[in-house]
Amino acid sequence: MNKIAVVMGSISDWPTMQLTTQLLEQLGLDFEPKIISAHRMPQELQTFSQNAKQDGFSVIIAGAGGAAHLPGMLAANTILPVIGVPIESHALKGMDSLLSIVQMPSGVPVATTAIGKAGAKNAALLAAEILAINDEQIAQNLLDFRQKQTEEAIKSADQLK
Ligand SMILES: Nc1c(C(=O)O)ncn1[C@@H]1O[C@H](COP(=O)(O)O)[C@@H](O)[C@H]1O
């Protein structure tokens, strides 16, 4: 348990989704990156999402761009929390990804982050916060992360001198 799946629709999403896995690693979390496309790999999508809970996953992070049906289709097949990351597409700068992830019909939620790199990082933090409810070590790692972030923000004012 406490394993996080980091799913992406294409290898072209990896430069963004790598920010998710790097932060999960920094927080000491167990994760598995995967390429699964609802459009291109419908059978694999179904097998993964229907077995994800019994395979030891607690949270699914899913990054996809354009007509980004991946997070919603994963959510349709599991009651694990799904966090969707809208990848910044070239044609529409990720607005297409954002709207197709965030506008889920009622009954099948996907927690949607901001577009692109900030969203990829926040997906890792949100997944950690979900797991921290029942894990003191993860909670402490998150508190340490926040403290370091605050110190760095305060220190950045030195550059104004
Ligand atoms: N949105 C989806 C899905 C899906 O939702 O099933 N599968 C791939 N994609 C997205 O297509 C974009 C372009 O993919 P390619 O670069 O492979 O052509 C990627 O951002 C991917 O997430």
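Along each chain, residue indices are assigned from 1 in the same order as the chain's sequence is written. With the structure being a predicted model, the display of local features is reserved for residues of pLDDT at least 70 and the display and counting of side-chain atom pairs for 80 or more, all residues being used for whole-chain, interface and lining totals.

An unreviewed UniProt entry lists the protein chain under the name N5-carboxyaminoimidazole ribonucleotide mutase, with Paucilactobacillus nenjiangensis as the source organism. UniProt positions are given in the numbering used here, feature names are shortened, and annotations may be inferred rather than shown by experiment. Looking at the Catalytic activity (unreviewed entry) heading of the UniProt record, one finds this comment for the protein chain: "5-carboxyamino-1-(5-phospho-D-ribosyl)imidazole + H(+) = 5-amino-1-(5-phospho-D-ribosyl)imidazole-4-carboxylate". The record held by UniProt for the protein chain lists under Pathway (unreviewed entry) the comment "Purine metabolism; IMP biosynthesis via de novo pathway; 5-amino-1-(5-phospho-D-ribosyl)imidazole-4-carboxylate from 5-amino-1-(5-phospho-D-ribosyl)imidazole (N5-CAIR route): step 2/2."

Considerations on the overall build of the protein chain
Summing up its helical and strand segments, the protein chain has six helices and five strands in all. Secondary structure elements follow DSSP: runs of H or I of four or more residues count as helices, runs of E of two or more count as strands, with numbering from the N terminus. The linear arrangement of helices and strands in the protein chain, starting from the amino end, is β-α-β-α-β-α-β-α-β-α-α. On C-alpha atoms alone, the protein chain measures out to a radius of gyration of 16 Å, which is about the 15 Å that the 2.2 N^0.38 rule sets for 161 residues. If one aligns the C-alpha atoms of the protein chain with their principal axes, the spans along those axes are about 55 × 40 × 30 Å. Each residue is classified by how many other C-beta atoms fall within 10 Å of its C-beta atom, where C-beta atoms are placed from the backbone; a count of 20 or more means buried, 12 or fewer means exposed, and values in between mean partly exposed. Relative to its 161 residues, the protein chain shows a buried fraction of 39%. For the purpose of contact definition, each residue receives a C-beta atom placed from its backbone, and two residues are in contact when these atoms lie within 7 Å. Contacts in the protein chain between residues at least 24 apart in sequence constitute 68% of all its contacts with a sequence separation of at least 6. This radius of gyration counts C-alpha atoms alone. The globule rule is 2.2 Å times how many residues there are, raised to the power 0.38.

What about the sheet that holds strand β4 (residues 82–86)?
DSSP-based pairing: two strands are paired if at least 2 bridges between them are found. Read across the sheet, five strands follow the order β2-β1-β3-β4-β5 without closing on themselves; strand pairing throughout is parallel. Whereas interior strands pair on both sides, the edge strands pair on one side only; in this sheet they are β2 (30–35) and β5 (111–112). Sheet topology places strand β1 (residues 3–8) next to β2; six bridges connect them, and they run parallel. Pairing of Ala5 across the sheet is with Glu32, part of β2. Sheet strands in contact with helix α1 (residues 14–26) are β1, β2 and β3 (57–64), and its direction is about 170° off that of β1. For helices, the axis comes from a line fit to the C-alpha atoms of the stretch in contact; other axes are also lines fit to C-alpha atoms, and the angle between any two N-to-C directions lies between 0 and 180 degrees.

Details of the site of the ligand
In the vicinity of the ligand, 17 residues are found, and the nearest of them are Gly9, Ser10, Ser12, Ala38 and Gly65. Note on residue classes: Ala, Val, Leu, Ile, Met, Phe, Trp, Tyr, Cys and Pro are nonpolar, Asp, Glu, Lys and Arg are charged, and everything else, Gly too, is polar. Of the residues contributing to the shell around the ligand, the split by class is seven nonpolar, eight polar and two charged. For each residue, a C-beta position is placed from the backbone atoms; the residue is near a molecule or strand when that point lies within 6 Å of it.

What to know about helix α2 (residues 42–51)
For α2, the complete set of buried residues consists of Leu45, Phe48 and Ser49. Considered in projection along α2, the buried side chains sweep an arc of 90° and stay on one side of the axis. The exposed residues of α2 that point more than 90 degrees off its buried face are Gln43 and Gln50. Comment: arc refers to directions from the helix axis out to C-beta atoms.

Details of the packing of α1 against helix α5 (residues 117–132)
The N-to-C vectors of α1 and α5 enclose an angle of 30°; their axes lie 8 Å apart at closest approach. Judged on the interaxial angle alone, α5 and α1 are roughly parallel. You can see that α1 and α5 cross each other, and the crossing is right-handed. Packed against α1, whose contacting residues are Thr16, Met17, Leu19, Thr20, Leu23 and Leu24, the element α5 presents Lys117, Ala120, Lys121, Ala123, Ala124 and Leu125 at the interface. Counted by class, the contact of α1 with α5 contains eight nonpolar, two polar and two charged residues. Oblique is the label for every angle not falling under 35 degrees (roughly parallel), over 145 degrees (roughly antiparallel), or within 65 to 115 degrees (roughly perpendicular). By definition, turning the near helix anticlockwise from the far helix through less than a right angle yields a left-handed crossing, and turning it clockwise yields a right-handed one.

Description of the nonpolar core
By size, the foremost hydrophobic cluster in this structure holds 44 residues, and its most contacted members are Ile4, Val7, Ile60, Ile61, Ala62, Leu74 and Ala127. The set of elements that each furnish at least two residues to this core consists of β1, α1, α2, β3, α3 (70–76), β4, α4 (95–102) and α5. Apart from residues lying up to four places away in sequence, Ala127 is in contact with Ile4, Val59, Ile61 and Ile83. Buried Ala, Val, Leu, Ile, Met, Phe, Trp, Tyr and Cys residues form a nonpolar core when they are connected through C-beta atoms within 7 Å.

A look at the environment of Ala111
Here Ala111 lies in strand β5. Along the primary structure Ala111 and Glu129 are separated by 18 residues, whereas in three dimensions their C-alpha atoms are 13 Å apart. What Ala111 contacts, discounting residues up to four positions off in sequence, is Pro81, Ile83, Gly84 and Leu126.

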